[in-house]
Amino acid sequence: MVEKNNEIILIVEDEDIARKNLEHILVKTGYDVISVNNGSKAIELLHSKDFDLVITDLKMDKVDGLQVLHKTKVLQPYTEVIIITGYATIETSVQAMHNGAYYYIAKPYKIGEVRQITKEALLKRRLRLENIELKETLKKQRKISAIVGTSKVMMDVQKTIHQIAPSDINVLILGESGTGKELVARSIHQLSSRSEKEFVAFNCGSFTEELMANELFGHEKDAFTGATKAKAGLIKVADGGTVFLDEIGDMPLSMQVKLLRVIQEKEVLPVGGETSVPVDVRFIAATHRDLKEDVDNGNFRQDLFYRLNVITIKLPSLTHRHGDIPLLAQHFLAQKNKAMNTNVQNIQKESMELLRQYSWPGNIRELENVIERAVALAKGPEITLDDLPEYISNLSVETYRRMDSEMPTLEDQEKNYIKWVLDKCEGNKTKAAKIMDIDRVSLWRKMKRFGMNDGSNV
Ligand SMILES: Nc1ncnc2c1ncn2[C@@H]1O[C@H](COP(=O)(O)OP(=O)(O)OP(=O)(O)O)[C@@H](O)[C@H]1O
Ligand SMILES: [Mg+2]
């Protein structure tokens, strides 16, 4: 019985007896074989069918073995080529090896020799392909592994990201502050075919309308006083890649019209310009607001909403997935150790329990900050209650459980958190915003909402 290998070999040989002989040896060894009697037929086949190996005679009329070798390497780069050669052309065969042939076999050859070289060439191809596959898988895993979480809802989010990343559809990401909206947007970009091109993030809440147009669309020379030279807008910079529009709900209506045009026409008109430039970008937008409600209230254009919201990804707040907290805490512990060159190995049990119970109004970002601070403060190999901020450590597990009816609201917690950071920074908002990893305008807005403003602007 011949054992089947499922590998397919193309034989190119113009001498009938030699061709049949080679075919016989390889079929008996268990390979599938297709053989042709000239180079042109071989090249035609290479266009339409994949081969694992090509064995070609060197000297043939019209299209010779070197041309078959060349075409194979162009059309099927991972397919190996073995050259069959008469004594007189050994030197050319050596040259062929420099051009990418796997090996040459000199006529007259021994059956064992043909079998051995064929086996090795096929093995080389298999290993190369496995290696490439492995690298691709690792690359993908490394990229996506940044999103930590095993709760059902986070697994679903991961699944959706994988499903939609390869397509060009626009995505709307919803979620409270610090839930990972930007991280998800980056993951989609990295898993897409656009990953080699730019990912440009733009916060629609932190610019005046004029500046926003300038940043997004760019401007021509002399478009306004001081515009000494033309500047490409962020959308053009992201050509071929992804534009992440953060806090899209804060974009003024007049800008929304302009953005809609870019999405529909796939071109941008720089400020002060007369001709539009074509752009190919994918848009991912995010907001912590209820955008549908904004549409209903007339604060957000419905047509733009539908354009951006082809797929929605809703990120849960951390309170709704307490189960992920230990994993996230460990993840940040490892990350901060690496960044700060420390070696805090663990989070003490009671501290972890408190982290699990706390309501995390600032979501994952707040957890990240708390762990970073704890790593910096830890005196031993473990994070203890002493290393946690007072507003968490004061709530020992018991009191926390007793509080039931008087549990603080999310808003209260957020307010306390902001107050705590501001106190630590002695009221310096720039510093505080940096620690909270939000921009100053957002901080200022939150303070205004909580009635914490001291009158000064950002
Ligand atoms: N699932 C996650 N796994 C690991 N890290 C996460 C996860 N989600 C968020 N992070 C980290 O938490 C921080 C905040 O996330 P991100 O900036 O994406 O949130 P956001 O929703 O955009 O916040 P904001 O609304 O404040 O802009 C980042 O450092 C991010 O890397
Ligand atoms: Mg963000």
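That block above? That's the structure.
Asker: Report on unusual backbone geometry, specifying residues and quantitative values.
Answerer: The residue after Lys107, namely Pro108, is reached through a cis peptide bond having omega -5°. Along the chain, Pro108 falls in the loop between strand S5 (103–106) and helix H5 (111–144). Although it is not a glycine, Glu247 sits at a positive phi angle of roughly 50°. Within the fold, Glu247 resides in the loop between strand S10 (242–246) and helix H10 (253–265). Look at Trp360: it is not a glycine, yet its phi comes out positive at around 50°. With respect to the secondary-structure elements, Trp360 resides in the loop between helix H14 (349–357) and helix H15 (363–377).

Asker: Explain the site of ligand 1 to me, and be specific about the residues and the numbers.
Answerer: The environment of ligand 1 is made up of 18 residues, and the closest members are Val148, Gly178, Lys181, Leu183 and Glu368. Within the backbone of Val148, one N or O atom sits 2.8 Å away from a nitrogen atom of ligand 1. A distance of 2.9 Å is found between an oxygen atom of ligand 1 and a backbone nitrogen or oxygen belonging to Gly178. Burial of ligand 1 by the protein amounts to 87% of the accessible area it has alone, namely 630 Å². In this structure, ligand 1 is accommodated by the largest pocket. Elements that contribute at least two residues to the shell around ligand 1 include exactly helix H7 (181–190), helix H13 (325–340) and H15. Residues that form the shell around ligand 1 fall into these classes: 7 nonpolar, 5 polar and 6 charged. Each of two domains, domain 2 (152–314) and domain 3 (319–449), supplies a minimum of three residues to the shell around ligand 1.

Asker: Please provide a residue-by-residue account of the environment of Thr384, values included.
Answerer: Position of Thr384 among the secondary structure elements: in the loop between strand S16 (382–383) and helix H16 (390–393). By relative accessible area, Thr384 is classed as partly exposed at 24%. Sequence-distant contacts of Thr384, that is, excluding residues within four places in its chain, are made with Gln348 and Ser351.

Asker: Go over a nonpolar patch on the surface with me, naming the residues and quoting the values.
Answerer: On the surface, Tyr78, Leu129 and Ile132 cluster together into a nonpolar patch covering about 220 Å² of accessible area. The residue Leu129 is located in helix H5 in this model. Leu129 sits in the partly exposed class, given a relative accessible area of 30%.

Asker: I'd love a proper account of the pairing of strand S13 (residues 282–287), names of residues and values included.
Answerer: The buried fraction of S13 amounts to 6 of the 6 residues, a majority that puts the element mostly inside the structure. Judged by which residues are buried, S13 turns out to be covered on both faces: Arg282, Ile284 and Ala286 on one side and Phe283, Ala285 and Thr287 on the other are all buried. Sheet analysis places strand S6 (residues 171–174) next to S13, joined by 4 bridges and oriented parallel. Bridge pairing in S13 links Leu174 to Thr287.

Asker: Got a sec to walk through the pattern of salt bridges? Specific residues and values, please.
Answerer: Under the criterion given, the structure shown has 26 salt bridges. Among the ionic pairs, Lys231 bridges to Glu215, the shortest N-O distance being 3.5 Å. Linking Lys231 in strand S9 (residues 231–232) with Glu215 in helix H8 (residues 209–217), this pair joins segments that are 16 residues apart in sequence. A relative accessible area of 37% places Lys231 in the partly exposed class. When the shortest N-O distance is used, the salt bridge between Asp294 and Arg289 registers 2.8 Å.

Cut-offs used in this document
Residue numbers here run from 1 along each chain, matching the order of that chain's written sequence. To read the labels, note that chains go from A and ligands from 1, taken in the order they are written. Confidence filtering applies because this is a predicted model: local features only for residues at pLDDT of at least 70, side-chain atom pairs given and counted only at 80 or more, and all residues used for totals across whole chains, interfaces and linings. Computation of side-chain values covers all heavy atoms of the structure but excludes hydrogens and water. Here a helix means four or more residues in a row that DSSP labels H or I, a strand means two or more in a row labelled E, and each is numbered from the N terminus. Whether a residue is near a molecule or strand depends on its heavy atoms: if one lies within 4 Å, it is near. For this analysis, a polar contact is any N or O atom pair within 3.5 Å, provided that within protein one partner can donate a hydrogen and the other can accept it, and provided that sequence-adjacent residues contribute only side-chain to side-chain pairs. Each accessible area is a Shrake-Rupley result for a 1.4 Å probe, and residues are judged covered by the shown protein chains and nothing else. A pocket here means an open set of points on a 1 Å grid, computed over the protein atoms alone, that has protein on both sides within 12 Å along at least five of seven lines. A cavity is instead a set of points where a 1.4 Å probe fits but cannot get out; residues with an atom within 4 Å of a point line either one. To decide whether a molecule occupies a pocket or cavity, check its atoms: if more than half lie within 2 Å of the grid points, it is inside. Polar here means any residue other than Ala, Val, Leu, Ile, Met, Phe, Trp, Tyr, Cys and Pro, which are nonpolar, and Asp, Glu, Lys and Arg, which are charged; Gly is therefore polar. Throughout the structure description, domain borders are defined by an automatic or database domain assignment. Here's how the labels work: a residue is buried when its accessible area is under 20% of the maximum for its type, exposed when over 50%, partly exposed in between, all with a 1.4 Å probe on protein chains only. In what follows, a contact means two residues having at least one pair of non-hydrogen atoms within 4.5 Å. Patches here: salt-bridge-free residues with over 30% relative accessible area, like charges joined within 9 Å, nonpolar side chains (Val, Leu, Ile, Met, Phe, Trp, Tyr) joined within 5 Å. Salt bridges are defined by distance alone: a side-chain nitrogen of Lys or Arg within 4 Å of a carboxyl oxygen of Asp or Glu. A strand pair is defined by DSSP finding two or more bridges across the two strands.

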